[in-house]
Amino acid sequence: MTAGTILEGTRTPLVKWFHALYLMQTGISAKLLAELIQVTYKTAWLINHKLRYAIQVHDEGRPLIGDLQLLGDFYARPATNRPADPLTYREEPAVAGASIDPESGALAEVKIKRMSADAFSRRAFAADSFGGFLWRHAAEDRAGHRRIEVVKASGCEGVTALGAVWRGAIGWLARTFGGIGPKHLQAYLDEYCFRVNVRTDGLAKLLSLCGRIRTITQPELVRKRYGVRSIRWTGQTHRAKLSRSICIS
C-alpha cells in the first residue's frame, strides 16, 4: 500500500501520518508534533523531514517563469550564536524570488534559496549576485522578453510583497524553532514557500506528493552536508544580459 511512496517502510500508523500532514499546513516543530501524535521525538523529526523532502522534490521541478522579482538578504541566527561559531553558522546569504502574475501584478509563485557565501560581499548584493539563482531556479528566457526587478524588503511605501514573504519566513523560523542552522535551513525555507504557494490547498497537495514521491531514509537525511551546491554561472555574455535586464528599485 505504501510501496513507492514517501511512507514506504514506515512503522508509524497511517493515521498519525495523516495527522502530521494536516499539521504541516501551519508549520510545526518536531517536539510539538511528537506530543500531539504521541510518537518519539526521533519519529516526529523523521516524519517532518520526509514531508519536507517531498516538498523539495516538487519544488525542484517547478522553475519560476515569466517576469520576476528578486530580493537578496542574509539569514542570521542571533538567538543561538556563539562567538566561536564560524561565519557560515551566523549569516546565510539567500535570494527570495517570485514570478509575477501578468494580469494582477501580484506574486504568483515564490522561492527562497540559500546561495554560496563565496558569491557575496558581506551584507551586499550586486546585480550579478542573482545570476546563480536565475540559472538554477528560473526557466530559460528564450524569447528575451523577461523583466527582472530587484526589490528591497521595504521602501518608502512600506514593506514590499516579496519583503513580506521573506520576513514571514524569518519570523516563522524564529517563533517555531528558535532559528535554524545551515544544514537543514533550505528544507525549512522550501516548506514555508510551499505553504505560501499552495495557499489553502496544502493538505491535498501534500497527500498527492506523498503518494508519488519515493521515500528517503534517515541516514540520507542526517548525512553531513558541506554547504550549497556550486552553480555554474560564469559566462560574460550572460552577465552582461542580466545587468541590462534588471531594474533596481
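Being a predicted model, the structure only gives us computed values, none of them experimental.

What to know about the overall build of the protein chain
Helix and strand counts for the protein chain stand at 10 helices and 7 strands. Taking the contacts inside the protein chain whose residues are at least 6 apart along the sequence as the reference set, 69% of them involve residues at least 24 apart. Split by element, the accessible area of the protein chain, about 13600 Å² in all, is 53% carbon and sulfur.

Concerning the side chain of Asn 48
Turning to its location among the elements, Asn 48 is positioned in helix H3 (residues 41–60). Excluding anything up to four places from it in sequence, Asn 48 contacts Met 24, Ile 28, Ser 29, Ala 30 and Leu 33.

Quick word on the pairing of strand S2 (residues 91–100)
Within S2, 10 of the 10 residues are buried, which leaves it mostly tucked inside the rest of the structure. Here S2 shows two buried faces, one formed by Glu 91, Pro 93, Val 95, Gly 97 and Ser 99 and the other by Glu 92, Ala 94, Ala 96, Ala 98 and Ile 100. Bridging between strand S1 (residues 68–76) and S2 involves 9 bridges; their strand directions are antiparallel. Residue pairing across strands places Asp 73 opposite Ala 94, the latter belonging to S2. As judged from the 7 bridges shared by S2 and strand S3 (residues 107–114), these two strands associate in the antiparallel manner. By the bridge assignment for S3, Ala 94 is matched with Arg 114. Count of turn residues in the S2/S3 antiparallel hairpin: 6 residues, of which Gly 105 carries a positive phi of about 80°.

Here's the deal with the packing of helix H1 (residues 14–24) against helix H2 (residues 30–37)
As a packed pair, H1 and H2 sit with axes 10 Å apart at the nearest point and diverge in direction by 135°. The angle between the axes of H1 and H2 places the two elements in the oblique class. You can see that H1 and H2 cross each other, and the crossing is right-handed. For the pair formed by H1 and H2, the contact residues are Lys 16, His 19, Ala 20 and Leu 23 on the first element and Leu 33, Leu 36 and Ile 37 on the second.

Here we look at the environment of Glu 91
Note that Glu 91 resides in strand S2. Through-space distance from the C-alpha of Glu 91 to that of Phe 74 is 5.9 Å; in sequence the pair is 17 residues apart.

Quick look at unusual backbone geometry
With a phi close to 60°, Gln 38 is a non-glycine residue in the positive phi region. Tracing the sequence through the fold places Gln 38 in the loop between H2 and H3.

Here's the deal with the pattern of salt bridges
This model, assessed by the stated rule, comprises 9 salt bridges. One salt bridge in this structure joins Asp 59 and Lys 111, with 2.9 Å as the shortest N-O distance. In this pair, Asp 59 sits in helix H3 while Lys 111 sits in strand S3, placing the two residues 52 residues apart along the sequence. Residue Asp 59 is classed as buried on the basis of its relative accessible area, which comes to 10%. Taking the relative accessible area as the measure of exposure, Lys 111 reaches 1% and is therefore buried. Arg 62 serves as the salt-bridge partner of Glu 109, at 2.9 Å between the closest nitrogen and oxygen. One end of the pair, Glu 109, is in strand S3; the other, Arg 62, is in the loop between H3 and S1, and 47 residues separate them in sequence. With a relative accessible area of 15%, Glu 109 lands in the buried category. Judged by relative accessible area, which is 36%, Arg 62 ranks as partly exposed. Several salt bridges share partner residues, and in doing so they unite Asp 59, Lys 111, Lys 113 and Asp 190 into one network.

Structural notes on the packing of aromatic side chains
Ring pairs (aromatic) are described by centroid distance and by the angle formed between their planes. Throughout the structure, instances matching the rule amount to 4 aromatic pairs. Between the aromatic rings of Trp 172 and Phe 177, the centroid separation amounts to 5.2 Å while the plane-to-plane angle is 85°, which identifies the pairing as edge-to-face. With relative accessibility at 4%, the residue Trp 172 sits in the buried group. Each ring, one from Phe 177 and one from Tyr 188, has its centre 4.9 Å from the other, and the planes form 75°; the classification is edge-to-face. Of the two residues, Phe 177 is situated in helix H6 (residues 161–177) and Tyr 188 in helix H7 (residues 185–198); the sequence distance between them amounts to 11 residues. Taking relative accessible area as the criterion, Tyr 188 reaches 8% and is therefore assigned buried. Feature note: the residues Trp 172, Phe 177, Tyr 188 and Tyr 192 constitute an aromatic cluster, connected by ring pairs. The ring centre of Tyr 188 lies 4.0 Å from the NZ or CZ of Arg 52, which sits over that ring. One cation-aromatic arrangement involves Arg 195 over Trp 172; the distance from NZ or CZ to the ring centre is 4.5 Å.

Calculation notes
Residues numbered from 1 in each chain as written. Predicted model: local features only at pLDDT ≥ 70, side-chain atom pairs only at ≥ 80, totals over all residues. Heavy atoms only, no water. Helix = DSSP H or I, 4+ residues; strand = E, 2+ residues; numbered from the N terminus. Contact = heavy atoms within 4.5 Å. Areas by Shrake-Rupley, 256 points an atom, 1.4 Å probe, with all protein chains shown as cover. Buried < 20%, exposed > 50% of the residue type's maximum accessible area, 1.4 Å probe, protein only. Pairing = 2+ DSSP bridges. Axes fitted to C-alpha atoms, helices over the stretch in contact; angles between N-to-C directions. Parallel < 35°, antiparallel > 145°, perpendicular 65-115°, else oblique. Left-handed = near helix turned anticlockwise from the far one by under 90°. Salt bridge = Lys/Arg side-chain N within 4 Å of Asp/Glu carboxyl O. Phe/Tyr/Trp six-rings, centres within 6.5 Å; stacked < 30°, edge-to-face > 60°. Lys NZ or Arg CZ within 6 Å of the ring centre and 35° of its normal.

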